[in-house]
Amino acid sequence: MSSKVEKQLIWHPRQENRFIVGGGSQINLYEWAPDVPEFRLLTSSEVLNMKCFAWSSDPHYDDLVAIGMNSGKIDLVRLEATKVAKNLSIGSGVVGHISTRNGSSSKACNINALSFSTANPSLLAVGSDKVRGDASFVVWDVGSISGTASNTKLGSASIVYQHSKLGDVVTSVSFLPDTPDIVAAGVAGSSIRLFDLRTSSEDARSAAQVQSKVDGFAVDPFNPSRFSSYGEGTVSVWDSRSLSQPLLAFTSKDASADGARFYPSDVFSSIEFSTVRSGVLATLLRDTNHVRLWNLKNAPPMTESAFESNERYHEATRETSRTRKISRMSWTTPANILPWAAQTEHPISPAMSERTSSNSNNTGSVVLANTYKTKSYNRSIMSFALVPSQQKAPLTSKIVLVKQDGDIEMHSMFDAPKHTAWSPRGDLAIGVGGQYTLVGIHDTQPVVEPWEIDMNDQNGHSGRDDKSLDRRSAGKTSKPHSRAPSPGFGRGDKDGFPALISSNAPRTKLGPSSSPVPEKLQVAGGLSSAKDQLTPESPSTGNSPTSILPTQRIPSSSKSQKIVAHANATRGRRRVPHWNIPAFDTDVTLTMRTRVLQGYGMSNVPHSIRLVEKSDADHSALSDVWKWINHSRSVLSLGPGSRVHGIDFAYQGVLGIWEGLETSRTPEFTGQLDSLDLAGTSGSPPLSQGELSPGLDLSSTVASPFFSTRSSSADAQHGNYIAALNALNSQSEAQTIKGMWKPAVHSAKLPHRKLALALVNFKIGDEEIARWEKEGKQAQAACWLLFTNQGARAIDILMRSKSEAHQMMSGTLAVLLQSGSSSKNHEMQSYCEKLVNRLQDPHFRILVSYVVFNDWSDVMEEQALPMRERLAIALRFLDDKTLTSYLKRLAEDCRKHGNIEGLLVTGLTPRGLDILQSYVDMTSDVQTAAMLSSFVCPGRSHDIRAERWIDSYHDLLDGWKLFHHRCQFDIDRGKLLQDDINAGDVLPMEWVKKQFLIKCNFCSKIVNSRRIHEPGTTQRRRATSCPWCGRALPRCSVCLMSVGIIPDSSRENDQLHTSFRDTLDDAFVFCQACRHGGHAAHIIEWFFGDGDESRPRRTCPVADCDCFCDQEY
Amino acid sequence: MIQTALIRNAHQDLVADAAYDMYGLYLATCGLDQRIKVWSLEESSGTWNLEDEWKAHDAAISKIDWAHAEFGQIIATSSFDRTVRIWEQVQFTQEANGNGGASSSTSSGPNATCRWAERAVLTEAKGSVRAVQFAPHHFGLKLASISTDNLLRIYECLEQPSLTSWQLADEVDVLALPTSAPRTSSLSQSIATTTPTQTSLTLDGTSTTSLTASLLAAQQQQQQSQAPQQNRPGAGVREADGGWCIAWCKDRYWGEVIAVGSGTSGVIRIIQFSPHRRPQTLLALEATGSNSFSSGISNSLGRSGGSRSGAAGLAGGSGFASSKDDDEHNTAYSVTSVAWAPSCGRSFHLIATGSRDGKVRIWKVKPPPPSANSSGFDDQDASMDTLEERWNASLVGEFDDHKTHVGRVEWNITGTVLASSGNDGRVRLWKQTVGGIWRSAGHVSVEQADPSLPGDVDMAENTGVE
């Protein structure tokens, strides 16, 4: 077995694009043409009895190879000599012979290893079997080969160094890089020796015992003193300066969590350090089909003192904590409170000094930090080489390898660690190699401030906007600058939107129907055409871990066959990288950011509706919800407040109205305010609806037989739900529905239905039918005509349509209507079932199924219909029992699927928040959830989910640096709450907890708490002392008076009377660094002066304190 | 539309990690060249300019993280030199030594124009520190680090203005925490909680004893955790096939919760820290053959606190033994990266892992349902009580598109897009469909990212999406 070298691949020692594959009796020289790309076979030489070979790095010859024979001879061969032989007739290209013996011995002597020095290419180290009388380790000077190759003769090789005392076989040799003097040799008997050619020849400089026979070396091009050896199943890494023990020794077992199977019989067949990546060592196990790569990382040495320094560090912190404890009790020397002021020495300094000392000692430890492998090839690999690269930190490193069947393949390994950092704005930074690619949607437009957004775009939008707009403008009068658009905006925006989104802006999709179907991407891959032609059986590049670059089969037996890869037809047609990643521009991050910059919010609901419609044109779910919010305000309230007879209707959905609402929990308070409302003395701005609202006499006309009225106030009808319903109904009838509407079925809950229908706001009348027809929605019109028993008109409308499909459908409909519900036979039914499944238009589907089966159940399950329409059908045509179960099922269904339209059913109730939560779960549109839930939280209900949505949304806005928009959002929330409180719907509450507390330094109790100022306790308290322990508060360092705290209650009293009392002057400020401070007015005057001095003071007013307090304020 | 920018030759050697600041206006990068660079975005043009660079460590840097902006401009880096370092931006616009806080050490930079100063070096780790991450800002200026000695460390900044002293608030041997343990009697719980071993928030006296205790424990732990590696022949520091990664839960409602992957086990543990109790494993995410996996919280304090007590080795018990079985079974691939998605108001959490087996996994982790009374961390005890209910996890996505060694997974700011990168040279994006199913949303080849490639790689049209 050992008589022949197996296939072995060596890359050019000076990193040109050439490599040698040797094996058997043949050495082939290839050239890699990266431009084409292809491998070219340059020469092929026949060598008998080859045992090993080495490639000289002599700059004059690219092709000089030393070949060790198992006869003990070494041939120096110029591989390309055969190519030029036709002219020069040098024969086989052998330019020299070295015979390691005198020729007398009959016993064959294997040359085991050869190594050229890279620093002095004429030096050749030879390791051989031990034969009596001869040295097994010899360094030859193969001659300073100047001039032509023919000058080099046999005799010119001379022994430079030999070590005859070495008693054993030398199995491997290697020059260390960057030095012509030091050779590492593996000696059988398990030791590694370093020979220094400068010292006397009989004495090895150092030696190390290793576990096994040394099969070979690899030197690290990035670290001249580091080399690595392998033998059997172990790889060791050495530092040539201290060979006593390896820096590192590992086996393939160290990759077991990377999927490596470890067998005790594993034998490494070759290892190599990468010339591209520092500290990357590639290893190949015999009879495996992949190459494994290991990352070596340098680390500072692990010293004993590291632990001690930790100890010292903790000692220091312990001291710190002790000082802190002792010094706590004194105001007078505030520096004592401050550990960083009292402590002169840096606590971490021991550790730092340890670190610097470790720097001087440069023999660090080596950490085997990572491992990965190439893809698995279809054959086991005989040999490999890592391809050098001219680039610094390239994206890929290449490997060329020869497989068992003789095929040579080159692959790019994407071995550089990659990472992807997401920016808060949705950009992605891809770091790979030495560079970063930043992908994202940059808007270079300046950010639009919330007050610059013009929300009053009225064009082409009819509707009941007046109320909200009134409300908005009413709010704006108190905010004088709010309407002043900066000249940069509003210009050229006909429809009022800031020019943030250009016309080709990415269409943002949201909502359940948006399906981010991954689109085709352009991928920079390998040369698939060339690859397919050459190695059709190799796996496709699509998912392969290493995309195949030029791949070429080179039959190992062919001698001078020149293979040229097909030039790629697409070469030169280099495309600009095209980024088309749906994940970016359909992501909700961008949607939310775009919307907030356009003024999406609660303050102007019609504007939000338009925004949502604009970005969401093909799906109406979200805009329907906003429309419902807008609409329900007018339908479900009689005046400023949303309470009718003590029942809070605000943001209720169909289900709530249908099932009946409870009287709210605060009877006496609401009773009070109810009377206020009805008397029209509310403090909120008058609304346009106000005139028609008072429905007192209307409501009183209906007496309820079901509810026992428990009137606790002026409202006689308090708690009467039916009365409240009727009041609301009469209001909306006055506005919209002409005449009394009668449901198609008998219902015991007529008022409920009426109000729910008004809330759904899905009007059916001749106007609507005509409008639908005009808009091309003949199917919808026909549908509703049919439902309302106007079949003939339905057929007419379909017939009038220009669409042939509609006309055909009219015929079908006519037949179906003709046949009547009685005479439908089974065939007809099965035909219609099939037809329903084929129809695209949802209205036709429900039309057919309604006519044929005369049953609403199929109609109601039609998911493609908007929720409003389905609800309108249900409320009109379903009987009470079915309707109840239908509404419940619908709500549950929406909750399950996160369909936000379900809010129409549930309203913004806890059940509605369930739907909202599952909507967020589906879409992550926390913005909408935060806004919608703000209508009811925290005013009407406390829900922790709503708080979390708001928190999340705050964080998002903060991350986008849209602080003003965040504030606007909070202002809007506050206004909603304020409106509710003013209208008496919600009890006044302390919404925001106290954020600033002052603690007494003596008793550690909170000084400015509201609780202690309750009546009876405040009288004997002075403002300048702690209300708990009575000790004086710290003194102002300017005026030397104790600072005082004005109790909240008294300050509020003051403020009621005078408007200018509450100034900053009374406040006190303290430096966070030196803890000196005092009255704000004094401190401000101290630092910022009043102009007398040219330079303001910078240091603390306390003598001896040189703290630059002004920077802390 | 989508634009790209390129920072060419950002570092001399391979880049290792990058982090945006809170606003996405700065990018801090680090690499094997031991340097940190800070780039700033010019918003009008979208270009990135180098703002500062300095040599930061004595070995390759593994991770970099940016603290929340409320603490100032602060960066933490972890490195193979076994340290975590804290850096702060210093304003040099005033004349020198103007800032009392900046006086400590400004010598780390190349020259006086360096605008970032080293504030602290945390040297507790006994192995290379592989990851560092700041806690969510609700918990104060805290950070967690994981090193190859399998110890998860929580540091807390004691004095924020100076940033110089950081207290090791917690130190947990990740492997010694049982993944799931049977419930023990409440008696042992009460005993365990009465021993004062926790020093997270209070700065007072008890820290003395517990710090030494934890140091002693750390020594023992180190010996223990190296024990499995002793089974492998060889010398030197070998940690090639492990994975050490951490990810904080971004929410504040559940207390301080971290997902940790450590060592070669391939298990992600979700560990909760709380002031009154020892750290406990809420959940262990383990990719077994079955598609869904859930495990109750380990309620048993008596068994969990391996890192603190002298009896750590005994306390490890069965959970520890199961994680050592890797050497025999050899089925587990270590997890190289974990990412905890910002919850963005969702009722569940998403945790993504990237593993050496080439798989990207997405876990849906459901915390116990919110109860009305526990509103945030004001009432820790209330939220603790709700934790008696179970966290559970299910695997909602498992993709082997990379086929090889997934190096990194990262969520975007809303947790809606996951980016994973692997040794196949692709950055793949994952997104949830309307039906709640996670699917590929395209991928980017790293070569595509580089227009300057040599001619051997051409842009070939390919169907990018499977």
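Our structure is the block above this text.
Since the model is a prediction, treat every value here as computed from it, not as a measurement.

*Asks:* Looking at this structure, I do not really get the nonpolar core. What am I missing?
*Replies:* Nonpolar side chains tend to gather and get buried jointly when the protein is soluble and globular. One finds Trp-626, Phe-649, Phe-787, Ile-873, Leu-932 and Phe-935 of chain A to be the most contacted residues of the largest nonpolar core, which totals 117 residues. Top contributing element to this core by residue count: helix α18 (residues 778–787) of chain A, with eight residues. In this structure Phe-935 of chain A touches Met-602, Val-605, Trp-626, Ile-629, Arg-633, Tyr-651, Leu-908, Arg-940, Leu-976 and Asp-980 of chain A, once residues within four positions along its chain are discounted. Of all hydrophobic cores here, the second largest spans 21 residues; its members include Val-257, Ile-268, Ile-270 and Ile-351 of chain B.

*Asks:* Teacher, can you tell me more about the sheet that holds strand β11 (residues 142–147) of chain B here?
*Replies:* Residue and element names in this part refer to chain B. Read across the sheet, four strands follow the order β10-β11-β12-β13 without closing on themselves; strand pairing throughout is antiparallel. The outermost strands of the open sheet, each flanked by one partner alone, are β10 (129–134) and β13 (166–173). Taken over all neighbouring pairs, the strand axes of this sheet differ in orientation by 20 degrees on average, direction set aside. Pairing analysis gives seven bridges linking strand β12 (residues 151–157) to β13, with the strands arranged antiparallel. Its bridge partner lying in β13, Ile-154 is registered against Asp-170.

*Asks:* Sorry, what's going on with the pairing of strand β18 (residues 226–231) of chain A here?
*Replies:* Strand residues, when the strand is regular, have side chains that alternate between the two faces of the sheet. Residues and elements named next belong to chain A. For β18, a buried count of six out of six residues is recorded, marking the element as mostly surrounded by other parts of the structure. Going residue by residue along β18, you find Arg-226, Ser-228 and Tyr-230 tucked away on one face and Phe-227, Ser-229 and Gly-231 tucked away on the opposite face as well. Once strand β17 (residues 216–219) ends, the chain turns through six residues before running back antiparallel as β18. Pairing of β18 with strand β19 (residues 234–239), which is carried by six bridges, proceeds in the antiparallel orientation.

*Asks:* Honestly, the sheet that holds strand β14 (residues 237–238) of chain B in this entry has me stumped. Any pointers?
*Replies:* Across a sheet, paired strands are connected by hydrogen bonds in the backbone, their directions being either parallel or antiparallel. Read from one edge to the other, the open sheet built from five strands follows the order β21(A)-β22(A)-β23(A)-β24(A)-β14(B), with strand pairing classed as mixed. Both outer strands of the open sheet, β21 (268–273) of chain A together with β14 of chain B, are each paired with one neighbouring strand and no more. In this structure, strand β23 (residues 292–299) of chain A lies alongside strand β24 (residues 365–373) of chain A, joined through eight bridges in antiparallel fashion. Residue pairing across strands places Ala-299 of chain A opposite Ser-365 of chain A, the latter belonging to β24 of chain A.

*Asks:* Would you mind going over the side chain of Ser-229 of chain A with me for this structure?
*Replies:* All names here are of chain A. Counting through the fold element by element, Ser-229 comes out in strand β18. Within polar-contact distance, the side chain of Ser-229 engages the side chain of Trp-238 at 3.0 Å. When neighbours within four sequence positions are excluded, Ser-229 is seen to be in contact with Ile-192, Val-214, Gly-216, Phe-217, Thr-234, Val-235, Ser-236, Trp-238 and Ile-271.

*Asks:* Help me understand the packing of α18 of chain A against helix α24 (residues 867–877) of chain A, please; the structure alone is not making it clear to me.
*Replies:* To characterise two packed helices, one gives the angle between the axes of the helices and the distance between these axes. Residue and element names in this part refer to chain A. Following both chains from N to C, one finds α18 and α24 inclined at 10 degrees, their axes separated by 12 Å at the closest point. Taken together, the axis directions place α18 and α24 in an arrangement best described as roughly parallel. Where α18 approaches α24, its residues Gln-780, Trp-784 and Phe-787 are matched on the opposing element by Glu-869, Ala-872, Ile-873, Arg-876 and Phe-877. Across the contact of α18 with α24, the residue classes tally to five nonpolar, one polar and two charged.

*Asks:* Any chance you could explain helix α11 (residues 621–635) of chain A here in plain terms?
*Replies:* Because an α-helix packs 3.6 residues into every turn, residues spaced three or four apart end up facing the same way. The end-to-end C-alpha distance of α11 of chain A is 20 Å, a good match for the 21 Å that 15 residues give at a rise of 1.5 Å each. For α11 of chain A, the buried fraction is high: 14 of the 15 residues fall into the buried class.

*Asks:* So what exactly am I meant to see when it comes to the packing of helix α9 (residues 588–597) of chain A against helix α28 (residues 926–934) of chain A here?
*Replies:* Residue and element names in this part refer to chain A. Relative to each other, α9 and α28 sit at 50 degrees, their axes nearing to 9 Å. By the criterion of interaxial angle, the relationship of α9 to α28 is oblique. The residues of α28 that touch α9, namely those facing Met-592, Arg-595 and Val-596, are Val-926, Gln-927 and Thr-928. Here the contact of α9 with α28 is built from residues that sort into three nonpolar, two polar and one charged.

Calculation criteria
- Counting of residues starts from 1 at the beginning of each chain's written sequence and follows it residue by residue.
- Whichever chain is written first becomes A and whichever ligand is written first becomes 1, with later ones labelled in order.
- Owing to the predicted nature of the model, reporting of local features is limited to residues with pLDDT of at least 70; listing and counting of side-chain atom pairs is limited to 80 or more, with chain, interface and lining totals taken over all residues.
- With hydrogens and water set aside, each side-chain value is computed from the structure's full complement of heavy atoms.
- Nonpolar core, defined: a set of buried Ala, Val, Leu, Ile, Met, Phe, Trp, Tyr and Cys residues in which side-chain atoms within 4.5 Å join the residues together.
- Each residue is assigned to one of three classes by its accessible area relative to the maximum for its type, calculated with a 1.4 Å probe on protein chains only: buried under 20%, partly exposed between the two thresholds, exposed over 50%.
- Counting from the N terminus, the helices are the DSSP runs of H or I reaching at least four residues and the strands are the DSSP runs of E reaching at least two.
- A contact between two residues is defined here by any heavy atoms of the two lying within 4.5 Å.
- By this definition, two strands are paired if DSSP reports at least two bridges between them.
- Axis geometry follows a simple rule: fit a line to the C-alpha atoms, using only the stretch in contact for helices, then measure angles between N-to-C directions, giving values from 0 to 180 degrees.
- Two N or O atoms count as a polar contact when they lie within 3.5 Å, although within protein this holds only if one can serve as hydrogen donor and the other as acceptor, and sequence-adjacent residues are included solely when both atoms are side-chain atoms.
- Orientation labels follow simple angle bins: below 35 degrees gives roughly parallel, above 145 gives roughly antiparallel, 65 to 115 gives roughly perpendicular, and whatever is left gives oblique.
- Under this grouping Gly is polar, as are all residues other than the nonpolar Ala, Val, Leu, Ile, Met, Phe, Trp, Tyr, Cys and Pro and the charged Asp, Glu, Lys and Arg.
- To estimate how far a helix should extend, the number of its residues minus one is multiplied by 1.5 Å.

Geometry only, nothing functional implied.
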